[in-house]
Amino acid sequence: MDRVMLKNGKPLPKIGFGTFGSDRYSPDQVAGAVRFALKAGYRMFDCASVYGNEDKIGAVFADAFENGVRREDIFVTSKVWNDAHGEGKPTESLKKSLRDLRLDYIDAYFVHWPFPNYHAPGCDGDSRNPDSVPFSADAYLATWRELEALYDAGLARSLGMSNMTISKLDAVLPHTRIRPALIEMELHPSFQQAELFDFCVDNGIKVIGYCPLGSPNRPERDVAPGDVVDMELPQVLKVSRARNIHPAQVCLMWAVKRGAIPIPFSGSERNIVSNLRCVEEELTDGEMAIISGAERGCRLVKGQVFLWPGAMGWEDLWE
Ligand SMILES: NC(=O)c1ccc[n+]([C@@H]2O[C@H](COP(=O)([O-])OP(=O)(O)OC[C@H]3O[C@@H](n4cnc5c(N)ncnc54)[C@H](OP(=O)(O)O)[C@@H]3O)[C@@H](O)[C@H]2O)c1
């Protein structure tokens, strides 16, 4: 698996494997997909405590290590969930993730969302938690300080942020002692986040792109009228027909050529294998220009369940 170098000198595979079951795939099914993905050649796995399957995935890793996969060959991420922000809790949370994943260290530890607002697993789109609060740079930095201590202790080899915006990054980056090596954000042809992407590149931060295929099986709460289907966009189809490849591969090749690390999930062995091909060939500049034209500003993970009392709408989360 080809790798890119993070600014802190750590190598990262060019494509990873998602592990969120979208409230549709059971923990055992996701772990089965991870087992197959490892066999197929994936070496980066995007985990999170809230996905509720780290213990099952940990058993797969343990098995892989017994069967010749070396720890240093795989790059595993995890994320502190929103109910574990603040002092003390991120450390507890990482230690639990490490026990579950059966690892001594995590390759990158992320703050999953920039709010301490959480919802019940599997909730519907109208759910709100009355304790939710707007973004606060001070509160975020209190959580980040704890991640920095985990980095110092060698438990997290790199740190990452997720679901950020430029204004939030402007508010926190100057106050970080350990800069994020990675930022995870939603990225697919109909939602390219060009400004935020360029901001990360300019700041030497590598981007991980989630929902790289437009998350066709996302939870019901993340489905809204007017959402675009990325794999049916005319620009994506134009390139896929000309190359005689599946639109999924076009989405992933576009991400890789752009310099993002896509982390598609699949429960299908055929798709797990074919998605890996995106690192074997490159789109041309002309094809990249065609996909640039697919931008529709279509954010799929709007995050409305994290809204606080008094917020106007999900757009408030992304200021
Ligand atoms: N940081 C965050 O807040 C955040 C938020 C959302 C997601 N994520 C991460 O990003 C990962 C990926 O996101 P996602 O799973 O929502 O979306 P995605 O990877 O864009 O889409 C996954 C879906 O696409 C289908 N698929 C995969 N390969 C395909 C192919 N070659 N042809 C046709 N369909 C294909 C899969 O169905 P089959 O099973 O049938 O193949 C699967 O249901 C997650 O698993 C998670 O790790 C992070």
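For the structure, check the block above.
Only a predicted model underlies this, so the values are computations on that prediction, with no experimental measurement involved.

Definitions and limits used
- Positions within a chain are numbered from 1, following the residues in the order the chain's sequence is written.
- Only residues with pLDDT of at least 70 are given local features in this predicted model, and only at 80 or more are side-chain atom pairs given and counted; all residues enter the totals for whole chains, interfaces and linings.
- Working convention: axes come from line fits to C-alpha atoms, limited for helices to the stretch in contact. Angles between N-to-C directions cover 0 to 180 degrees.
- Strands are runs of DSSP state E lasting at least two residues, helices are runs of H or I lasting at least four, and both sets are numbered from the N terminus onward.
- Note that the term roughly parallel is reserved for angles under 35 degrees, roughly antiparallel for angles over 145, roughly perpendicular for angles of 65 to 115, and oblique for everything else.
- Crossings are assigned a handedness: left-handed for a near helix turned anticlockwise from the far helix by less than a right angle, right-handed for a clockwise turn.
- Working definition of a contact: two residues with C-beta atoms, positioned from the backbone, lying within 7 Å.
- Each residue gets one of three labels, nonpolar for Ala, Val, Leu, Ile, Met, Phe, Trp, Tyr, Cys and Pro, charged for Asp, Glu, Lys and Arg, and polar for the others, Gly among them.
- The exposure label follows from counting other C-beta atoms within 10 Å of a residue's C-beta, where the C-beta atoms are placed from the backbone and the thresholds are 20 or more for buried and 12 or fewer for exposed, leaving partly exposed in between.
- Two strands qualify as a pair provided that DSSP identifies no fewer than 2 bridges between them.
- By convention a crossover is right-handed if, when the strands point away from the viewer, the path from the first strand over the helix to the second runs clockwise.
- Using a C-beta atom placed from the backbone, a residue is described as near a molecule or strand when that atom lies within 6 Å of it.

Here helix 1 (residues 27-40) crosses helix 2 (residues 54-66) at 25 degrees, and the two axes come no closer than 8 Å. Classed by the angle they form, the pair helix 1 and helix 2 counts as roughly parallel. The crossing of helix 1 and helix 2 is right-handed. Together, Pro27, Asp28, Ala31, Val34, Arg35 and Leu38 of helix 1 and Lys56, Ile57, Ala59, Val60 and Ala64 of helix 2 make up the contact between the two elements. Across the contact of helix 1 with helix 2, the residue classes break down as eight nonpolar, no polar and three charged.

Time to look at the environment of Gly122. Position of Gly122 among the secondary structure elements: in the loop between strand 6 (108-111) and helix 4 (137-152). The exposure class of Gly122 is exposed, given the 11 C-beta atoms found within 10 Å. Sequence separation of Gly122 and Asn53 is 69 residues, and the distance between their C-alpha atoms is 14 Å.

Across the six residues of strand 5 (residues 75-80), six count as buried, placing the element largely inside the fold. Residues Phe75, Thr77 and Lys79 line one face of strand 5 and the alternating positions Val76, Ser78 and Val80 line the opposite face, and both faces are buried. As paired strands, strand 4 (residues 44-46) and strand 5 are joined by three bridges and run parallel to one another. Bridge pairing links Asp46 to Thr77 in strand 5. In the classification by handedness, the crossover that spans strand 4, the intervening helix 2 and the parallel strand 5 is right-handed. Between strand 5 and its parallel partner strand 6, the chain crosses via helix 3 (residues 89-101), and the hand of that crossover is right-handed.

A few words on the pairing of strand 7 (residues 159-162). Burial along strand 7 is two-sided: Leu159 and Met161 facing one way and Gly160 and Ser162 facing the other are all buried. With three bridges connecting them, strand 6 and strand 7 associate as parallel partners. Opposite Val111, over in strand 7, you have Met161 as the bridge partner. Taken together, strand 6, helix 4 and strand 7 constitute a β-α-β crossover, and its handedness is right-handed. With helix 5 (residues 166-172) bridging strand 7 and the parallel strand 8 (residues 182-186), this β-α-β connection has right-handed handedness.

Gly18, Tyr210, Leu213, Ala248 and Ser266 are the nearest of the 30 residues found near the ligand. If one sorts the elements of the shell around the ligand by residue count, helix 9 (residues 269-275) sits on top with three residues. Among the residues making up the shell around the ligand, the classes are represented as eleven nonpolar, 16 polar and three charged.

So, about unusual backbone geometry. One non-glycine residue, Asp23, lies in positive phi territory at about 60 degrees. Assignment of secondary structure puts Asp23 in the loop between strand 3 (17-18) and helix 1. At Asn163, a position not held by glycine, the phi torsion is positive, near 60 degrees. If you trace the backbone, Asn163 turns up in the loop between strand 7 and helix 5. Of the residues examined, Asn163 has 22 C-beta atoms within 10 Å and is grouped as buried.

So, to be careful, I would describe these as geometric facts and stop short of saying anything about function.
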